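Listed here are the chains, written in short residue letters.
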Amino acid sequence: RLFLIDSMSYIFRAYHALPRLTNRSGLSTAAVYGFHNILRKMLATYNPEYVAAVFDLEGPTFRHVSFADYKANREEMPSDLAEQLPYIRRVLEAVKIPVLARQGFEADDVIGTLARQGAARNLEVLIISSDKDMLQLVGEHVFVINPMKDDLVCDRQKVVELMGVGPEQVPDLMALQGDAIDNIPGAPGIGEKGARELIQKYG
């Protein structure tokens, strides 16, 4: 089994789950502490044969080139979280988990590529993420585990139950309804319910 960790999903969960913690020098430590606890639990629970932690890098991606307003409404990462990222990477290095990232691409793209490659090699791929965009990758050998929903495992049937469409239609659904988080406008007058009904009726 290949486990691919959407690292920022885990980090934000850890950051928001704990009260503000600092060390003696005043450095924030809650995200480091929380991330390590979540990581240790995941490794103990699943004991994966292969695992990698995937990160975003600073700077524009090919999506910003295609659509200038992509993520234009995103607030900057809180400074007390940003200062913890190097230490989280050090935690991963200490437990020998490779940190993967690619300039010009998002963690989603790296995870999607590795998931396809892993599935082609008959590995069972488990993506650890709360990002609903990841559900488009679900297939015979690929599953999504949502850490924000008590480690809910999403197979094809669960994707249909959650989204109202199959994994291969998730991109169509997102394109029609838009995505406020990423500042994607969608089709005028079409919301989540309307988009789902159109796809269910017309494919």
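Worth saying up front: this structure is predicted, and the values here are computed from it rather than measured. (Residues numbered from 1 in each chain as written. Predicted model: local features only at pLDDT ≥ 70, side-chain atom pairs only at ≥ 80, totals over all residues. Heavy atoms only, no water.)

For strand β5 (residues 142-146), the buried fraction is high: five of the five residues fall into the buried class. What you see with β5 is no split at all: V142, V144 and N146 on one side and F143 and I145 on the other are buried throughout. Of the strand pairs in this sheet, strand β4 (residues 125-128) and β5 are connected by four bridges, and their pairing is parallel. Residue pairing across strands places I128 opposite I145, the latter belonging to β5. Note: β5 against strand β6 (residues 152-154), three bridges, orientation antiparallel. Note on β6: the bridge partner recorded for N146 is L152. Linking β5 back to β6 in an antiparallel pair, the connection comprises five residues, with D150 at a positive phi of about 55 degrees. (Buried < 20%, exposed > 50% of the residue type's maximum accessible area, 1.4 Å probe, protein only. Helix = DSSP H or I, 4+ residues; strand = E, 2+ residues; numbered from the N terminus. Pairing = 2+ DSSP bridges.)

Two numbers describe how helix α1 (residues 7-17) lies on helix α2 (residues 30-46): the axes approach to 8 Å, and their chain directions differ by 120 degrees. Judged by the inter-axis angle, α1 sits oblique to α2. As α1 packs across α2, the resulting crossing turns out to be right-handed. Where α1 abuts α2, its residues S7, Y10, I11, R13, A14 and Y15 lie against A30, A31, G34, F35, I38, L39 and M42. Residue composition of the contact of α1 with α2, grouped by class: 10 nonpolar, two polar and one charged. (Axes fitted to C-alpha atoms, helices over the stretch in contact; angles between N-to-C directions. Parallel < 35°, antiparallel > 145°, perpendicular 65-115°, else oblique. Left-handed = near helix turned anticlockwise from the far one by under 90°. Contact = heavy atoms within 4.5 Å. Nonpolar A, V, L, I, M, F, W, Y, C, P; charged D, E, K, R; others polar.)

Note that every value here comes from positions in space, so none of it alone points to a role or purpose.
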